[in-house]
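This is what each chain is made of:
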Amino acid sequence: SITILIILFLFFILLTNYSNIVGKNWIIHQDERGDYFIAHNLYTTGRLWSNYSFSFLENSTLLLPQGITYYNGRIVPVKMIGLSVLLSPFFIFGESYLFYILPLFSLGLFIILFILIKKYFGLIISLLFLSLFTFSTPFVYWSNMLFSNIPGLFFFLFGAYYLS
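Reading the values: rules and limits
- Residues numbered from 1 in each chain as written.
- Predicted model: local features only at pLDDT ≥ 70, side-chain atom pairs only at ≥ 80, totals over all residues.
- Heavy atoms only, no water.
- Axes fitted to C-alpha atoms, helices over the stretch in contact; angles between N-to-C directions.
- Helix = DSSP H or I, 4+ residues; strand = E, 2+ residues; numbered from the N terminus.
- Left-handed = near helix turned anticlockwise from the far one by under 90°.
- Contact = heavy atoms within 4.5 Å.
- Nonpolar A, V, L, I, M, F, W, Y, C, P; charged D, E, K, R; others polar.
- pLDDT = per-residue confidence, 0-100.
- Expected span 1.5 Å × (residues − 1).
- Buried < 20%, exposed > 50% of the residue type's maximum accessible area, 1.4 Å probe, protein only.
- Phe/Tyr/Trp six-rings, centres within 6.5 Å; stacked < 30°, edge-to-face > 60°.

Enquirer: Could you clarify how one ought to interpret the packing of helix H5 (residues 101–121) against helix H8 (residues 149–163) in this entry?
Expert: When two helices pack together, their arrangement is given by the angle between the helix axes and by the axis-to-axis distance. Direction vectors running N to C along H5 and H8 enclose 35°, while the axes themselves pass 9 Å from each other. The crossing of H5 and H8 is left-handed. Between H5 and H8, the residues in contact are Leu-102, Phe-105, Ser-106, Gly-108, Leu-109, Ile-112, Leu-113, Ile-115 and Leu-116 and Ile-150, Pro-151, Leu-153, Phe-154, Phe-155, Leu-157, Phe-158 and Tyr-161, respectively. When the residues that make up the contact of H5 with H8 are grouped by side-chain class, the tally is 15 nonpolar, 2 polar and no charged.

Shown next as structure tokens:
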């Protein structure tokens, strides 16, 4: 069973980092651009807003990524800032390393799920669940994107594990 878990674990690492390793994923979705912009601005200036003076953006949202808007002379976030705050310290390693952080949260989620399911349902059920969960399309997709779903679920289950 340990051999199966190790093989599943290694395959999981490859699967959740596939677009980062092979294709240099970086930014694909428009929500990611807004999160990346706010996180980078928070790292460089220490502020969640940016003081760009784009007068042509006054009444237009076509040029800004989703998740940020131009308000009162500043570019500000319009959605939850948790992911931007979580990711901003990792710019210390460089701009491309930011995209390896969410697969690490996926890995942590994988481990926490294994521990929780093994605790309540046994080893066989936990291995079966993780093999199905690892290949699920939403999990692989969100592990390769700058979305807050994976870190949110990780922190929720980590808290549930801590309280159990």
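On we go.
Enquirer: How should I be thinking about the confidence of the model for the protein in this particular structure?
Expert: Caution is warranted with low-pLDDT regions, since their predicted coordinates should not be read in detail. Per-residue pLDDT for the protein has a mean of 77; in total, 79% of the residues score no lower than 70. Across the protein, H8 holds the top mean pLDDT of 90, while helix H2 (residues 18–21) sits lowest at 66.

Enquirer: What am I meant to see in H5 here?
Expert: Helical periodicity: at 3.6 residues per turn, an α-helix aligns residues three or four positions apart in one direction. For H5, with 21 residues, the first-to-last C-alpha span of 30 Å sits near the 30 Å given by 1.5 Å per residue. Directly beyond the C-terminal end of H5, a positive phi value near 105° is found at Gly-122.

Enquirer: Got a minute to help me understand the packing of H5 against helix H6 (residues 123–134) in this structure?
Expert: Between H5 and H6, the shortest axis-to-axis distance is 8 Å and the interhelical angle comes to 145°. Here H5 and H6 pass one another in a crossing that is right-handed. In contact with Leu-109, Phe-110, Leu-113, Phe-114, Ile-117, Lys-118 and Phe-121 of H5, H6 contributes Leu-123, Ile-125, Ser-126, Leu-127, Phe-129, Leu-130, Phe-133 and Thr-134. Here the contact of H5 with H6 is built from residues that sort into 12 nonpolar, 2 polar and 1 charged.

Enquirer: When you look at the environment of Leu-146 in this model, what are you seeing that I'm missing?
Expert: Looking at the element boundaries, Leu-146 is found in the loop between helix H7 (137–143) and H8. Overall, the relative accessible area of 1% leaves Leu-146 in the buried class. Distance from Leu-146 to Glu-32, taken between C-alpha atoms, is 5.3 Å for residues 114 residues apart in sequence. Excluding its chain neighbours within four sequence positions, the residues that come into contact with Leu-146 are Glu-32, Asp-35, Tyr-36, Leu-83, Leu-87, Leu-98, Phe-99 and Leu-102.

Enquirer: Help me understand the packing of aromatic side chains, please; the structure alone is not making it clear to me.
Expert: Aromatic ring pairs: the centre-centre distance and the angle between the two ring planes describe each pair. Per the stated rule, a full pass over the model turns up 7 aromatic pairs. Pairing Phe-154 with Phe-158 gives two aromatic rings, centres 6.0 Å apart and planes at 20°, and the pair type is stacked. With Phe-154 and Phe-158 both in helix H8 and 4 residues apart, the pair spans about one turn of that helix. Put simply, the rings of Phe-105, Phe-154, Phe-155 and Phe-158 touch in pairs and so form one group of aromatic residues.

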